[in-house]
Each structure stands twice: as C-alpha cells, then as structure tokens.
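Take a look at the letters that make up each chain.
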Amino acid sequence: MPIDFQNIFNVLVGEVEKLAQDTLKNYVNDAKSDGVAFLNSTKADLQKWVNELAAGDMTAEEFKSLVNGQKDLLEMVALRKAGETAITIDKFENSLLNLVTTTIFSLLKIA
Amino acid sequence: MKTKKLNYLFKIFLFSALALIACNTMSYFDQYAYTQSTSIKVDAQNLMDMATEDYKSHEKEVKEVNTKIQKIYEYEKNRPKNEFTIKQWEILRDTTKDLYGGFIAMWRKNGKVGKTFIENKKEQIGKAFDQISQLESKKIKQSEVK
C-alpha cells in the first residue's frame, strides 16, 4: 500500500490548527477573568483596610503588612498562572501526540 | 511484504519522534502535596487566631506548624520540574516578606497582634495557600497520560 504523506500532512494540519485554537481560546479567557477578579478583590480589600486604619482598628505597621502582603500574594498568583501556562502547553502536547498517532494510524488503517 | 516492512518502520519512526516531544515541562499531580497544602492552610489559620495572645505562650504551636511547612517544602524541593510550587512555598514562609513567615515574625517581635489585623491576614494568607493547592490540582495526573 503506497503511503500518501501529503494527505496525512493535510489532515494533521487541519486537526492541529483546531486543537491549538480551542486550547488557546480557553486559556486566554481564563487568564483574563482571573486577572480581573484579583484586581476587583484587591480594590475592595484596600478600601476596607483604609477604613479600619482610619477607625483605629489597626496599627500603621499592620496596615503596611497587609498592603505588602498583597504584593506577595500577587507574586504567588503570577506563579500559579505561569505554572498553569506550562500545564496547558503540556496538555496541548499530549493531545497533539494522541491526535497524530490516531490520525496517522486511522489513515494508514494500521492498529 | 515490502509494504508491511515499510509500515513497521514508519511506526517505529513515528513513536520515536513523538516520544521526543512528549516530555512534560511540569511535575505530575501529587495527592500528598495537595492534601498537605490544604491541611497546613487550616493549621496556619488556626494558629493565627492565637496571635492576640502572648507569642511566648504559643511557641510550641508555632514550632509545630513551622515544622509541617518545612517538611512539605523539603518534599516539594525533591519533586522534578516543580519550580513554580517551590517558589510559592518560599514566598509564603519567607520571614522578610508579608505572608505566613512575615506574620509569625511580627507576632514574635511585638508579642501580640490586633484581632482586626489577624482576620484580614488570615484571609490573605488563606488565598496564598490556595494558589499552591490550585496549581497542584491543575497538574496532569499520571493516569491521564496515554
């Protein structure tokens, strides 16, 4: 049986494009909503802390610790996002691996 | 016969090529690491509730939680491809920063801290622990890799 490499390649390109689009679309949407949620929550926290400082419920040192802690928290959020990006790439590669093997074997009719 | 041989060689070539791109960049999901991160979060927050009282009277409890954090940090350090999680634990426990490590350092320095501050800090540190457990939960399970 002659192997039609051009046909295999064309089918794979189409499938890979679809897979990449789906993966990236989901990732971008998640990253965007995550970022907005963190900013909104930080804004609300800052307002609350300023009010509590003004009311004398907290010392200046405690207030400063909370503001600096938010910066540290942001760093941890960024690390989570960076890690999730790496995981998304790993998942994409694993899906690509499955896609290539199943597509080729199906086109070549070999098990 | 020739075609069969060609198919066989093609299969070998294909598996070899794909195996090269199939190396993950991140560690796999680890149930122990996930359980520890969520469990220590609760321990740390319970400890923080004690910070309205004198630090010296709670040194034993502080040491217990610190030891748990030290143990999971050492565990995480020895997992391959785990840089993001290791860095997260480093920030959380760093006494010069303002999360768990910084809170304990402040409590030790001042003797006690205010209740309003504790409530706010518990929430902030809780979110920091969540970053670790959320990242762990997103990691690929070894059983998912075909």
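Residues numbered from 1 in each chain as written. Chains lettered and ligands numbered in written order. Predicted model: local features only at pLDDT ≥ 70, side-chain atom pairs only at ≥ 80, totals over all residues.

**Quick notes on the overall build of chain B**
Convention followed: Numbered from the N terminus, helices here are DSSP runs of H or I no shorter than four residues, and strands are runs of E no shorter than two. Between the buried cut of 20 or more and the exposed cut of 12 or fewer other C-beta atoms within 10 Å of a residue's own C-beta lies the partly exposed class, and all C-beta atoms are placed from the backbone. Remark: residues whose backbone-derived C-beta atoms lie within 7 Å of one another are considered to be in contact.
A count of helical and extended segments in chain B gives 6 helices and 0 strands. Expressed as a percentage of the 146 residues in chain B, the buried residues total 32%. Looking at chain B alone, contacts between residues at least 24 apart form 72% of all its contacts between residues at least 6 apart.

**Focus on the overall build of chain A**
A count of helical and extended segments in chain A gives 2 helices and 0 strands. Projecting the C-alpha coordinates of chain A onto the three principal axes gives extents of approximately 85 × 20 × 15 Å. Counting all 111 residues of chain A, 16% fall into the buried class.

**Focus: the packing of helix 2 (residues 60–108) of chain A against helix 4 (residues 83–93) of chain B**
Under the convention used in this document: Angles here are taken between N-to-C directions and fall from 0 to 180 degrees, while the axes themselves are lines fitted to C-alpha atoms, restricted in helices to the stretch in contact. Comment on the angle field: the value is read as roughly parallel under 35 degrees, roughly antiparallel over 145, roughly perpendicular from 65 to 115, and oblique elsewhere. Under this grouping Gly is polar, as are all residues other than the nonpolar Ala, Val, Leu, Ile, Met, Phe, Trp, Tyr, Cys and Pro and the charged Asp, Glu, Lys and Arg.
The interhelical angle for the contact between helix 2 of chain A and helix 4 of chain B, taken along N-to-C directions, is 170 degrees, at an axis separation of 9 Å. Overall, the two elements helix 2 of chain A and helix 4 of chain B adopt an arrangement that is roughly antiparallel. Between helix 2 of chain A, through Asp72(A), Glu75(A), Met76(A), Leu79(A), Ala82(A) and Gly83(A), and helix 4 of chain B, the contact on the second element is made entirely by Phe84(B), Lys87(B), Gln88(B) and Ile91(B). Within the contact of helix 2 of chain A with helix 4 of chain B, the residues separate by chemical class into 5 nonpolar, 2 polar and 3 charged.

**Things to note about helix 2 (residues 31–48) of chain B**
Residue and element names in this part refer to chain B. What counts here: Helix span, expected: 1.5 Å multiplied by one less than the number of residues in the helix. Think of it as the arc spanned by the lines of direction from the helix axis to the C-beta atoms.
Between its terminal C-alpha atoms helix 2 stretches 26 Å, which fits the 26 Å expected from 18 residues at 1.5 Å a residue. Every buried residue of helix 2 is listed here: Ala33, Gln36, Ser37, Ile40, Lys41, Ala44, Leu47 and Met48. Buried residues in helix 2, looked at end-on, bunch into an arc of 140 degrees, giving them a common side. Away from its buried face by more than 90 degrees, helix 2 exposes Gln31, Val42 and Asn46. Its buried side turned inward, helix 2 meets helix 3 (59–77), helix 5 (100–110) and helix 6 (115–138).

**A short note on the packing of helix 3 of chain B against helix 4 of chain B**
Residues and elements named next belong to chain B. Rule in force here: Left-handed describes a crossing whose near helix is turned anticlockwise from the far helix by less than a right angle; the clockwise case is right-handed.
Running from N to C, helix 3 and helix 4 point in directions that differ by 155 degrees, and their axes come no closer than 9 Å. Classified by the angle between their axes, helix 3 and helix 4 sit roughly antiparallel to one another. In the packing of helix 3 onto helix 4, the handedness of the crossing is left-handed. Residues Ile69, Tyr73, Glu76 and Lys77 of helix 3 pack against Thr85, Ile86, Trp89 and Arg93 of helix 4. Along the lines of polarity and charge, the residues of the contact of helix 3 with helix 4 split into 4 nonpolar, 1 polar and 3 charged.

**Re the interface of chain B and chain A**
Taken together, the 36 residues of chain B in the interface contact 37 residues of chain A. Every element with two or more residues in the side of chain B that touches chain A is listed here: helix 1 (2–21), helix 4, helix 5 and helix 6 of chain B. Residues of the side of chain B that touches chain A, tallied by class, amount to 16 nonpolar, 12 polar and 8 charged.

**Remarks on the confidence of the model for chain B**
Put simply, the rule reads: Think of pLDDT as the predictor's per-residue confidence, scored from 0 to 100.
On average, chain B scores 91 in pLDDT, and the residues at 70 or more come to 84%. If you check the scores for this complex, the pTM reads 0.84 and the ipTM reads 0.86.

**Side note on the environment of Leu92(B)**
Residues and elements named next belong to chain B. Here leucine 92 lies in helix 4. Between the C-alpha atoms of leucine 92 and isoleucine 125, which are 33 residues apart in sequence, the distance is 8.0 Å. Apart from the residues within four sequence positions on either side, leucine 92 is in contact with Leu99, Tyr100, Gly101 and Ala128.

**Things to note about the nonpolar core**
Here is the rule: Joined through C-beta atoms within 7 Å, a set of buried Ala, Val, Leu, Ile, Met, Phe, Trp, Tyr and Cys residues constitutes a nonpolar core.
Leu99(B), Tyr100(B), Phe103(B), Ile125(B) and Ala128(B) are the most contacted members of the largest nonpolar core, which has 30 residues in total. Mapped by element, the contributors of at least two residues to this core are helix 2 of chain A together with helix 2, helix 3, helix 4, helix 5 and helix 6 of chain B. With 7 residues, the top contributor of residues to this core is helix 6 of chain B. Dropping the residues within four chain positions of it, Ala128(B) is found in contact with Leu73(A), Met76(A), Leu92(B) and Leu99(B).

**Looking at the environment of Ser37(B)**
Tracing the sequence through the fold places Ser37(B) in helix 2. For Ser37(B) and Tyr100(B), which are 63 residues apart along the polypeptide, the C-alpha to C-alpha distance reads 13 Å.

**Remarks on helix 2 of chain A**
With 49 residues, helix 2 of chain A should cover 72 Å at 1.5 Å per step; its first-to-last C-alpha distance of 72 Å lies within 8% of that length. Following helix 2 of chain A by one or two positions, Lys109(A) has its phi on the positive side, about 55 degrees.

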